[in-house]
Amino acid sequence: ESIFEVTKQFSTDLFIDEKNKLFRLKKGLLDFNDIYSFDQIVDYEVIENGTSVVKGGLGKAIVGGALFGSAGAIVGGVIGNKKSKNICNSLQIRIGLDDSPKENIYIKLINSETKTKSFSYKINIEIANDIITFFSKITNSLENQNNSTIANNTDPYTELKKLKELLDMEIITADEFETKKKELLNL
């Protein structure tokens, strides 16, 4: 059995294993970088033409751009920093890691002159949005897990309501919800 099972893929470079809470990047045609754990993620940001347009991470709300669902676009940060620029030369996502030899890894979406009104640019902005939304859910889930571990003395029914909200937002799975529910209710 493989250690890494792809359950989700973003662009052609980022592969996710939601079951084992892992991710990896493709670095060549058939070659992959190391496997990273979700809990190694400290922060992340979208960088366009060398300028950070959206940031987020543990203990941080998404700053710079507003996200409009998985099919939306990163707005505010990208548009606000544009002014009259009609060309994007670089669009990448930086993922800051903890407990890793590499402190930052990058997902390069655009690395050549691309018009901001082009289909290619719009597709890559959607991909960046999807990735940032996914990493936001991961870091929110990690924070909630850490908070519930710290707050073990809280009312189990209050914790159960919070878990139900996470389940409804699809941040945790039904199995994770049931497991934690049994734990909270001492079943």
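Residues numbered from 1 in each chain as written. Predicted model: local features only at pLDDT ≥ 70, side-chain atom pairs only at ≥ 80, totals over all residues. Heavy atoms only, no water.

> How would you sum up the overall build of the protein? Please name residues and give values.
Check the secondary structure of the protein and you find four helices and 13 strands. Residues counted as buried form 39% of the 187 residues belonging to the protein. Put simply, 49% of the contacts in the protein that link residues at least 6 apart link residues at least 24 apart. With the model as given, the accessible surface of the protein reaches about 11100 Å², and the carbon-plus-sulfur share is 51%. (Helix = DSSP H or I, 4+ residues; strand = E, 2+ residues; numbered from the N terminus. Buried < 20%, exposed > 50% of the residue type's maximum accessible area, 1.4 Å probe, protein only. Contact = heavy atoms within 4.5 Å. Areas by Shrake-Rupley, 256 points an atom, 1.4 Å probe, with all protein chains shown as cover.)

> Requested: an account of the environment of Lys-137, with residues and values cited.
Turning to its location among the elements, Lys-137 is positioned in helix 2 (residues 119-150). Along the primary structure Lys-137 and Met-169 are separated by 32 residues, whereas in three dimensions their C-alpha atoms are 9.1 Å apart. Among all residues touching Lys-137, those that are not within four sequence positions of it are Met-169 and Ile-171.

> Describe the confidence of the model for the protein, and please don't skip the residues or the numbers.
Predicted confidence across the protein gives a mean pLDDT of 78, with 73% of residues reaching 70 or more. pLDDT under 50 marks residues 65-73. Its contacts with residues more than four places away, or in other chains, come to 28 contacts. Counting contacts from residues 75-84, a segment whose pLDDT is below 50, to residues more than four positions away or on other chains yields 20 contacts. (pLDDT = per-residue confidence, 0-100.)

> So what about helix 4 (residues 174-184)? Which residues, and what values?
Of the positions making up helix 4, those classed as buried are Phe-177, Lys-180 and Leu-184. What you see down the axis of helix 4 is that its buried residues fit within an arc of 75°, all on one side. Exposed and facing more than 90 degrees away from the buried side of helix 4 are Asp-175 and Thr-179. Looking one or two places after helix 4, you find Asn-186, whose phi comes out positive at around 50°. (Arc of directions from axis to C-beta.)

> Quick rundown of the nonpolar core? Include the residues and the values.
Membership of the largest hydrophobic core comes to 30 residues, with the highest contact counts inside it found for Leu-14, Phe-23, Ile-93, Ile-95 and Phe-135. Among the elements that take part in this core, helix 2 stands out by supplying nine residues, more than any other. Counting residues in each nonpolar core, the second largest holds seven residues, with Leu-160, Leu-163, Phe-177 and Leu-184 among its members. (Core = buried A, V, L, I, M, F, W, Y, C linked by side-chain atoms within 4.5 Å.)

> Quick rundown of the side chain of Asp-17? Include the residues and the values.
Relative to the helices and strands, Asp-17 is located in strand 2 (residues 14-17). One buried charged side chain, Asp-17, makes no salt bridge at all; its nearest oppositely charged neighbour is Lys-19, positioned 6.9 Å away. A distance of 2.9 Å separates the side chain of Asp-17 from the backbone nitrogen of Glu-5, its partner in a polar contact. Once you skip the residues sitting within four places of it in the chain, Asp-17 turns out to touch Ile-3, Phe-4, Glu-5, Thr-7, Leu-22 and Phe-38. (Lys, Arg positive; Asp, Glu negative; His and termini not counted. Salt bridge = Lys/Arg side-chain N within 4 Å of Asp/Glu carboxyl O. Polar contact = N/O pair within 3.5 Å; in protein donor to acceptor, adjacent residues only side chain to side chain.)

> So what's going on with the side chain of Arg-94? Residues and values would help.
Take Arg-94: it is sitting in strand 11 (residues 91-97). In this structure the side chain of Arg-94 is engaged in a polar contact, spanning 2.7 Å, whose partner is the side chain of Glu-45. Reaching out from Arg-94, the side chain makes a polar contact with the side chain of Asn-104 at a distance of 2.6 Å. Not counting the four nearest positions on each side in its chain, Arg-94 is found in contact with Asp-43, Tyr-44, Glu-45, Ile-47, Asn-104, Ile-105 and Tyr-106.

> How would you explain the pairing of strand 2 if you had to name every residue and give the values?
The alternating pattern of strand 2 places Leu-14 and Ile-16 and Phe-15 and Asp-17 on opposite faces, both of which are buried. Looking at chain direction, strand 1 (residues 8-10) and strand 2 are connected through three bridges and run antiparallel. Across the sheet, residue Gln-9 finds its bridge partner in strand 2, namely Phe-15. The turn linking strand 1 back onto strand 2 is made up of three residues, and Ser-11 within it adopts a positive phi angle of 50°. Judged from the four bridges that link them, strand 2 and strand 3 (residues 22-26) form a sheet pairing that is antiparallel. (Pairing = 2+ DSSP bridges.)

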